[in-house]
Structure formats: structure tokens, C-alpha cells
Amino acid sequence: MEPDKMDENDWKYHGEGNKSLVVSHVLLPKVLRLLKYPAEDSENPPQTTKQAFRQIQNIVDFSSNVMSSLLGDKFIHSGEVVKLPLEFVRQLSIKVQHQRPAWRCDKVMDIYSGCALCLPNLTSPALHQPSHAAPLCIEIKPKCGFLPSSKHVSKDIKTKVCRFCMHQHYKVANGKWKRRSLYCPLDLFSGNRQRMHFAIRHLIEEPQNNFKIFKDAQCIYSSKEGADDSLDLTSLLHHLRPYFLYGNARINSHMTNKVVLNDFIQVLVNILLSTGGGDGGVVMDRRGEGRSFCDASPFNRERIQHGSQGLPTSSVLSRILQTQMLDSLDIEGLFPLYHRVEQHLLDFPKERCRLQIDGPYNEAFLQKLQKCPTEDDGSVDYAVTRVHQYRVAMTAKDCSIMITLVPSDEEEEDKDGLSTQKRIRDFLLSRPPAFSYSVSILDLDPKPFDSIPRQLRLDQKIVSGYLRTGGGSA
Ligand code: ATP
Ligand code: ZN
Ligand code: MG
Ligand code: MG
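This write-up is about the structure you can find in this document. (Residues numbered from 1 in each chain as written. Chains lettered and ligands numbered in written order. Predicted model: local features only at pLDDT ≥ 70, side-chain atom pairs only at ≥ 80, totals over all residues. Heavy atoms only, no water.)

As for the coordination of the magnesium ion (ligand 4)
Okay, so step 1: Distances from the magnesium ion (ligand 4) to its protein donors, namely Asp-443 (OD) and Asp-443 (OD), fall within the range 2.2 to 2.5 Å.
Okay, so step 2: A spacing of 4.1 Å is found between the magnesium ion (ligand 4) and the magnesium ion (ligand 3), which share Asp-443 as a donor.
Okay, so step 3: Here Asp-443 shows up in the loop between strand S13 (435–442) and helix H15 (452–470). (Donors = N, O, S within 2.8 Å, 3.2 Å for Na, K, Ca; no water. Helix = DSSP H or I, 4+ residues; strand = E, 2+ residues; numbered from the N terminus.)

Structure follows, in C-alpha cells:
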């Protein structure tokens with residue numbers, strides 16, 4: 001990327017989250033991820049260029065040295081920090097402004113630092129040949145997939161209803177979303193096909209910021225505040241139909257919609273349970289057993305026909321769940337340790353560096369957090385390691401999975417004469433059609449040390465709100 005050749009006309013709005021805005025190149029499979037900050041600060045950038053550069057370098061290091069080792073490097077693309085001309089960034093921000101959803105506009109794009117993260121565009125896979133059907137990409141932000149079992153948990157409800165489901169009540173009560181999502185992460189992470197199917201169906205019904213679909217690198221399905229949801233689903237089915245309707249299954253449109261949606265979800269479940277041929281694929285992760293149901297999920301446990309198989313240990317969901325479980329104390333058990341570190345830093349500010357509070361996120365950081373003693377010896381080093389583990393778990397609770405589907409080359413299959421037979425068999429067995437696929441994990445930013453007190457307050461607000469309004473009765 002040559003700074004003097006940067007032209008805003010080569011880039012277009014791609015999407016955004018709470019922390020960053022993403023633009024994609026119109027021809028090359030690349031995106032730029034730019035930082036955002038609160039609109040009230042728009043006149044006064046909260047950090048210098050040097051600090052912004054450091055922040056993005058920290059994201060790259062955290063992703064490549066820490067998260068990729070925990071989650072599996074085959075899933076991770078860490079990207080690189082780039083410096084951009086300020087005039088380019090300014091023009092870009094004007095260009096994309098009108099495409100941004102109104103509910104995200106409480107933050108503005110950083111136009112002062114000229115720094116960004118350059119990543120491969122995961123929605124426009126390189127293996128796709130332009131002559132074939134466009135690739136589909138499905139983005140799932142699964143959130144936390146387990147119930148805390150820490151002895152420090154003070155409210156019993158936290159061991160029965162998962163954080164996501166409680167948070168839904170809170171968000172609806174506070175007007176963040178109009179309707180509650182019936183998606184429950186414990187269903188998705190269960191490894192049970194029926195429950196996973198159920199979870200994905202509810203992600204589609206109420207995507208909020210947990211589900212998006214891209215076709216040919218364009219977002220074709222996501223939450224749209226105020227839009228007519230039924231229309232949205234109709235248009236989604238219209239997009240999906242050519243990929244999933246095969247043979248002569250055009251019986252009637254109601255039936256085909258159901259078939260198309262089921263096949264689509266089936267493909268996603270299969271991929272999420274796949275192991276990508278890696279090692280340890282058949283070993284099932286049974287750690288999640290015990291209390292693996294959330295009382296708020298509407299999934300009817302009596303419907304389970306096949307017992308839970310658990311997640312294959314090298315599947316993407318298992319890797320994410322294992323990393324999330326580094327939060328073994330719960331915020332309630334972690335907070336006193338955070339406090340110990342905070343006190344220590346007040347007395348010895350220079351220790352911030354040695355304890356790697358704000359990085360560097362290198363090999364030493366990873367080793368420290370992997371060799372943590374289980375017993376608290378009262379030391380600052382113990383406390384800081386637990387805090388680091390908690391922060392890593394928070395990142396794993398906030399990441400997204402991107403599944404890329406590239407329709408298989410049917411003509412290629414025709415040449416070896418198997419295609420027609422195979423398609424008839426697929427049709428008779430109502431098997432979904434073949435795709436080649438890849439799975440990635442994105443959004444692996446380190447969570448700041450100072451965000452921990454906010455986590456405790458949020459936890460208290462969500463739990464007390466749930467007990468007051470939603471809980472039990474809903
Ligand atoms: P969050 O609020 O979830 O923390 P964030 O502000 O950290 O989000 P990202 O999730 O990294 O930002 O990016 C925002 C969106 O941009 C993603 O949800 C995804 O749709 C898109 N995106 C990010 N990185 C890529 C990529 N490498 N390829 C394609 N799309 C991407
Ligand atoms: Zn739940
Ligand atoms: Mg995100
Ligand atoms: Mg993020």
C-alpha cells in the first residue's frame with residue numbers, strides 16, 4: 001500500500017463495530033480497519049499519532065502472539081499497521097458517513113492519527129473464481145458459551161441463566177433493541193446438532209449485532225433498526241435460494257423456503273462441528289457438560305433425540321470456548337485481584353511496564369498466562385496473571401467467526417461423471433449441496449486493564465435488572 005497512491009475512490013464502506021470502522025478495497029481483497037472514538041471528542045483526538053500507532057500494533061501483537069496460539073493460527077489473520085495520508089482519511093470519512101447506520105453514529109472515525117490496520121478481506125476469498133456463483137460469508141458473534149461455576153459468584157441466577165440471555169433483558173429494557181433475541185450461546189456451543197440448529201435459526205430471526213451475511217463481499221443481511229424484518233427474511237431467502245435449491249424441489253414456495261433455510265443452517269452446523277482435518281478431531285470436549293443448559297433458552301430439552309456429543313476439541317467453537325473459560329473466577333472473583341494490582345501500581349507506577357499491563361503482547365506475556373499457579377499466594381504476580389487471563393477470555397467472548405462458503409465447481413464434477421448421480425442422491429437424501437469453506441476468527445483486540453471496574457458494574461446492573469424485571473417470569 002503506497003501512501004502517495006491512496007485514493008478514497010478505491011475504497012468503500014464495509015461495516016463497523018463499537019470500536020472500529022472498516023472499509024474495503026473495490027478491487028483488491030483487502031480491508032482497512034480504522035479506530036473510532038466518541039463523537040463528543042471529535043474536535044480533540046484522544047490520542048497522538050504515536051499512541052494510535054502503538055494501540056494498533058498492540059492489536060496485531062495480541063492477535064498474532066497470544067490469541068492465535070490459544071485459538072489456533074489457522075483461524076487467525078492478524079494484519080499489519082499502515083500509515084495513511086491524512087487527506088485520504090478525511091475524504092474517506094466524508095465519503096462513508098452517509099452509509100453508516102444511525103445507531104453507530106455516537107462515535108466518529110479517527111481522522112487525525114493516519115493509522116489503520118490492514119487485513120485480508122475475509123468476505124472476498126481468493127479461491128473464488130469470478131465465473132462461478134458468488135461466495136457467501138456468514139459472520140457470527142457467538143458471545144460467552146458457558147455458565148460460571150466460580151465459588152465467588154454471589155447470585156445464584158448467574159449459574160442458571162447465561163450472561164447473553166440476561167443481557168438481552170437489560171438491552172430491551174434500556175431501548176437498545178426493540179425485541180429480545182431467543183439465541184442462546186449455550187445452545188450454539190453445545191455440540192448438539194439440534195440445539196445448534198435452533199441457535200442459528202434465532203440468530204437469523206433476530207440478528208442484532210451477532211449475525212451478518214455477505215454475498216460477493218457485500219453485506220446482504222444484518223440487523224436493520226426499524227426495518228420490516230419479514231421483508232428482510234424474504235429477501236435473504238431470495239439470495240439463498242440459488243445456492244440451496246437443487247433438483248426439482250420447487251414444490252411450493254412455502255415449502256421451499258423452509259427447505260432452503262434448513263439446508264443453509266445445516267451447512268453452518270456441519271462446518272462449525274468440523275475439525276478441518278487437524279489433530280485431535282475426534283476427541284470430544286466434555287468439559288462443558290454438567291450445567292450446560294441455560295434456563296432462559298426456549299429450546300425444549302425433551303426434544304433432544306440424540307444425546308449431546310460435545311464439541312470436537314479442534315473445532316472453532318471448542319477453541320473459542322476453551323479460551324473464554326480462562327475466566328474461571330468470574331468478574332466477582334477477579335475484581336479483588338484487579339484491585340490488588342491497581343493498589344500496587346499506585347505505589348509503584350513503574351511496575352506497569354514489568355507487569356506488561358499495556359503490553360507488549362509477546363511470547364513472555366503468553367507464557368506467563370499459561371503457567372499460572374492455581375493457588376493464590378497473595379502476590380501481585382499471581383493477581384496480574386489472573387487479570388491477564390480474564391482479559392484474554394473477554395476477547396474470546398467478543399470475537400466473531402467468519403465462515404466463507406464457496407460453491408463447489410459443478411462443471412469440474414461433471415467431467416468425472418459423478419455429478420448427476422451425486423446430485424440425484426443429494427436430492428433424494430435432501431442433502432445440502434457441496435461448498436468449499438474456510439473459517440476465520442476476527443476482532444481480537446486486547447481489552448484494556450482499566451475496563452475491569454466497568455465490567456463489574458455492568459455485571460451487577462445486568463443481574464439486578466434481570467432479577468427485578470425479566471427473570472424467572474419470562
Ligand atoms: P465490536 O463492536 O464487535 O467489538 P469492532 O469495532 O471491534 O467490533 P470488528 O468486529 O473488527 O470491529 O469489525 C467490524 C465489522 O467489520 C465486522 O463485524 C465485520 O463485519 C467487518 N470486518 C472486520 N474485519 C474484517 C475482515 N478482515 N474482512 C471482512 N470484514 C471484516
Ligand atoms: Zn442463555
Ligand atoms: Mg466485532
Ligand atoms: Mg471488537
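Describing the site of ligand 1
Okay, so step 1: In the vicinity of ligand 1, 20 residues are found, and the nearest of them are Asn-18, Lys-19, Ser-20, Glu-139 and Lys-141.
Okay, so step 2: Residue His-14 places a side-chain N or O atom 2.9 Å away from a nitrogen atom belonging to ligand 1.
Okay, so step 3: Take Lys-141: an N or O atom from its side chain is 2.5 Å from an oxygen atom of ligand 1.
Okay, so step 4: Burial of ligand 1 by the protein chains amounts to 94% of its free accessible area of 620 Å².
Okay, so step 5: Broken down by secondary-structure element, the contributors of at least two residues to the shell around ligand 1 are strand S1 (11–16), strand S2 (20–25), strand S3 (30–38), strand S6 (115–120) and strand S8 (211–215).
Okay, so step 6: Looking at the shell around ligand 1 residue by residue, the class counts come to seven nonpolar, six polar and seven charged.
Okay, so step 7: Two domains each put at least three residues into the shell around ligand 1: domain 1 (3–120) and domain 2 (125–474). (Near = heavy atom within 4 Å. Polar contact = N/O pair within 3.5 Å; in protein donor to acceptor, adjacent residues only side chain to side chain. Areas by Shrake-Rupley, 256 points an atom, 1.4 Å probe, with all protein chains shown as cover. Nonpolar A, V, L, I, M, F, W, Y, C, P; charged D, E, K, R; others polar. Domains from an automatic or database assignment.)

Considering the environment of Glu-16
Okay, so step 1: Structurally, Glu-16 can be placed in strand S1.
Okay, so step 2: Look at Glu-16 and you get buried, because its relative accessible area is 9%.
Okay, so step 3: C-alpha separation for the pair Glu-16 and Arg-33, spaced 17 residues apart in sequence, amounts to 8.6 Å.
Okay, so step 4: Among all residues touching Glu-16, those that are not within four sequence positions of it are Leu-21, Lys-36, Arg-100, Pro-101, Arg-104 and Lys-212.
Okay, so step 5: Of the polar contacts made by the side chain of Glu-16, one reaches the side chain of Tyr-13; its length is 2.7 Å.
Okay, so step 6: A polar contact is formed between the side chain of Glu-16 and the side chain of Lys-36, at a distance of 2.7 Å. (Buried < 20%, exposed > 50% of the residue type's maximum accessible area, 1.4 Å probe, protein only. Contact = heavy atoms within 4.5 Å.)

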